[in-house]
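The residues making up each chain are set out below.
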Protein chains: 2
Amino acid sequence: MNYSRQREEVQEQLSFHHDHPTADVIYSELREKDPTISLATVYRNLKLLAQNGTIRRLTFVSGADHFDSNIDPHYHFVCDCCGKVIDVPMQVAETLDDTASKYISGNITGHDLVFRGVCDECMTSGRSSVGSGDML
Amino acid sequence: MNYSRQREEVQEQLSFHHDHPTADVIYSELREKDPTISLATVYRNLKLLAQNGTIRRLTFVSGADHFDSNIDPHYHFVCDCCGKVIDVPMQVAETLDDTASKYISGNITGHDLVFRGVCDECMTSGRSSVGSGDML
DNA sequence: TTATGTGCAAATCATTTGCAAGATC
DNA sequence: GATCTTGCAAATGATTTGCACATAA
């Protein structure tokens, strides 16, 4: 893989995020620094970086994929109300994979654990109650 | 919510599946019984049924959402190679939610646990080795 | 007969791809 | 200079929506 300024920009921009932005968020932000970068380039590079393990693609929200610059195993919380994705800094349960492997015939390489519920903000801003159900 | 024949057909068709089909799989299958049902109707009804908790929407595969007629809490395995989703009949770890709630400020209602790896079929059919990485 | 649901086509959103031009090695 | 990468526009795939017609309550 050759060097490319755009790829470096994409990776850097993602690393600025504590949250887990979608491709088009990265794109919008980068356009301000580099007004000629294209959306296709952002998608291409996010894909490349995810494939070579430099970043992680999060696929557990309906709609657009999110990306995470933190590739160490860790868990997430997704708000059923606004779709926000945040980290859960609890310890990773390595034993789960062993347990699961007793029940399936394939080869397990790891697991994703995603907690669901209503985030702080949605809770206080009313949107909470019973949930909009919009994300289901 | 009024009764509708099409909604009943969608729900019934989904219940026939041990696997977890996407909307267009349900649509193709239903077209054979009911050649006039429309794709929009299938999408609309899957959405309604998921919102009222009759079925479950699985959002952890990139691309099309999958649907599950089994709404009891249970875990899944996703093949990184072919995208297939299968059940993992291991016991659900209720304590995880309590642990996670110590780390976040929102309200946790539950969790999804998804094991990843390479399924039996992909393993034997060669596609396995190192994985295509296509789904990343 | 009023509210709801359907079918169809067009619209929208997320993502990928073909291709000519530009950058890297 | 051969190969890889970009930007743009068009293509694709998943899902939703507007609207006139059909159906349920």
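The structure this text deals with has already been given above.
Everything numeric in this text was worked out from a predicted model, so none of it was measured. (Residues numbered from 1 in each chain as written. Chains lettered and ligands numbered in written order. Predicted model: local features only at pLDDT ≥ 70, side-chain atom pairs only at ≥ 80, totals over all residues.)

Many structure descriptions define interface size as the accessible area lost when the parts assemble. Listed as interface residues are 38 residues of chain B and, on the opposing side, 38 residues of chain A. Of all the elements in the fold, those that place two or more residues in the side of chain B that touches chain A are helix 3 (39-51), strand 3 (75-79), strand 4 (85-88), helix 4 (95-101), strand 5 (107-118) and helix 5 (120-124) of chain B. With 12 residues, strand 5 of chain B is the largest single contributor of residues to the side of chain B that touches chain A. Class assignment for the residues of the side of chain B that touches chain A results in 20 nonpolar, 12 polar and six charged. Note: strand 5 (residues 107-118) of chain A against strand 5 of chain B, 11 bridges, orientation antiparallel. The residue bridging Asp-112 of chain A from the neighbouring strand is Val-114 of chain B, located in strand 5 of chain B. (Contact = placed C-beta atoms within 7 Å. Helix = DSSP H or I, 4+ residues; strand = E, 2+ residues; numbered from the N terminus. Nonpolar A, V, L, I, M, F, W, Y, C, P; charged D, E, K, R; others polar. Pairing = 2+ DSSP bridges.)

For the rest of this paragraph, the subject is the sheet that holds strand 3 of chain B. What the six strands build is an open sheet, ordered 4(A)-3(A)-5(A)-5(B)-3(B)-4(B); its pairing is mixed. The sheet is open, and its two edges are formed by strand 4 (85-88) of chain A together with strand 4 of chain B, each paired on a single side. Between one strand axis and the next, the sheet turns through 30 degrees on average, direction left out of account. Examined bridge by bridge, strand 3 of chain B and strand 4 of chain B share four bridges and lie antiparallel to one another. By the bridge assignment, Tyr-75 of chain B is partnered in strand 4 of chain B with Val-88 of chain B. (Axes fitted to C-alpha atoms, helices over the stretch in contact; angles between N-to-C directions.)

Looking now at the protein's contact with DNA strand D. The environment of DNA strand D is made up of 26 residues, and the closest members are Ser-4, Gln-6, Ser-38 and Thr-41 of chain A together with Ala-40 of chain B. For the surface near DNA strand D, the secondary structure elements donating two or more residues are helix 1 (5-15) and helix 3 (39-51) of chain A together with helix 2 (23-33) and helix 3 of chain B. Take the surface near DNA strand D: its biggest share by element is five residues, from helix 3 of chain B. Among the residues making up the surface near DNA strand D, the classes are represented as nine nonpolar, 10 polar and seven charged. (Near = placed C-beta within 6 Å.)

The subject of this paragraph is the pairing of strand 5 of chain A. Of the pairings in the sheet, the one linking strand 3 (residues 75-79) of chain A to strand 5 of chain A comprises four bridges and is parallel in character. Counterpart to Cys-79 of chain A in the pairing with strand 5 of chain A is Gly-117 of chain A.

Once that is clear, we can look at the packing of helix 1 (residues 5-15) of chain B against helix 2 of chain B. Residue and element names in this part refer to chain B. One can describe the packing of helix 1 onto helix 2 by two numbers: an axis separation of 10 Å at closest approach and a directional angle of 110 degrees. In terms of their interaxial angle, helix 1 and helix 2 are classed as roughly perpendicular. Note on element contacts: helix 2 touches helix 1 through Ile-26, Glu-29 and Leu-30, opposite Glu-9, Val-10, Gln-13 and Leu-14. Of the residues in the contact of helix 1 with helix 2, the class split is four nonpolar, one polar and two charged. (Parallel < 35°, antiparallel > 145°, perpendicular 65-115°, else oblique.)

Here we take up the protein's contact with DNA strand C. Surrounding DNA strand C, one finds 27 residues, the nearest of these being Ala-40 of chain A together with Ser-4, Gln-6, Ser-38 and Thr-41 of chain B. The set of elements that each furnish at least two residues to the surface near DNA strand C consists of helix 2 (23-33) and helix 3 of chain A together with helix 1 and helix 3 of chain B. Grouping the constituent residues of the surface near DNA strand C by class yields nine nonpolar, 11 polar and seven charged.

This part is about the relation of the copies chain B and chain A. In the superposition of chain B on chain A (RMSD 0.1 Å, axial shift 0.0 Å), the rotation amounts to 179 degrees. Here the copies are linked by what is in effect a two-fold axis. The residues that chain B uses at the interface reappear at the interface of chain A in 100% of cases, marking a shared surface. (Least-squares fit on C-alpha atoms with pLDDT ≥ 70 in both.)

Next up on the list: the nonpolar core. Grouped together as the largest cluster of nonpolar side chains are 60 residues, with contacts concentrated most on Ile-26, Val-42 and Leu-46 of chain A together with Ile-26, Val-42 and Leu-46 of chain B. Excluding residues within four positions of it along the chain, Leu-46 of chain B makes contact with Val-10, Ala-23 and Phe-67 of chain B. (Core = buried A, V, L, I, M, F, W, Y, C linked by C-beta atoms within 7 Å. Buried ≥ 20, exposed ≤ 12 C-beta atoms within 10 Å, placed from the backbone.)

Moving on: helix 3 of chain A. Residues and elements named next belong to chain A. With 13 residues, helix 3 should reach 18 Å at 1.5 Å per residue; the first-to-last C-alpha distance of 18 Å fits that figure. For helix 3, the full list of buried residues reads Val-42, Asn-45, Leu-46, Leu-49 and Ala-50. Buried residues in helix 3, looked at end-on, bunch into an arc of 135 degrees, giving them a common side. Next to the buried residues of helix 3 lie helix 1, helix 2, strand 1 (56-58) and strand 2 (66-68). Count one or two residues on from helix 3 and you reach Gly-53, which has phi positive near 80 degrees. (Expected span 1.5 Å × (residues − 1). Arc of directions from axis to C-beta.)

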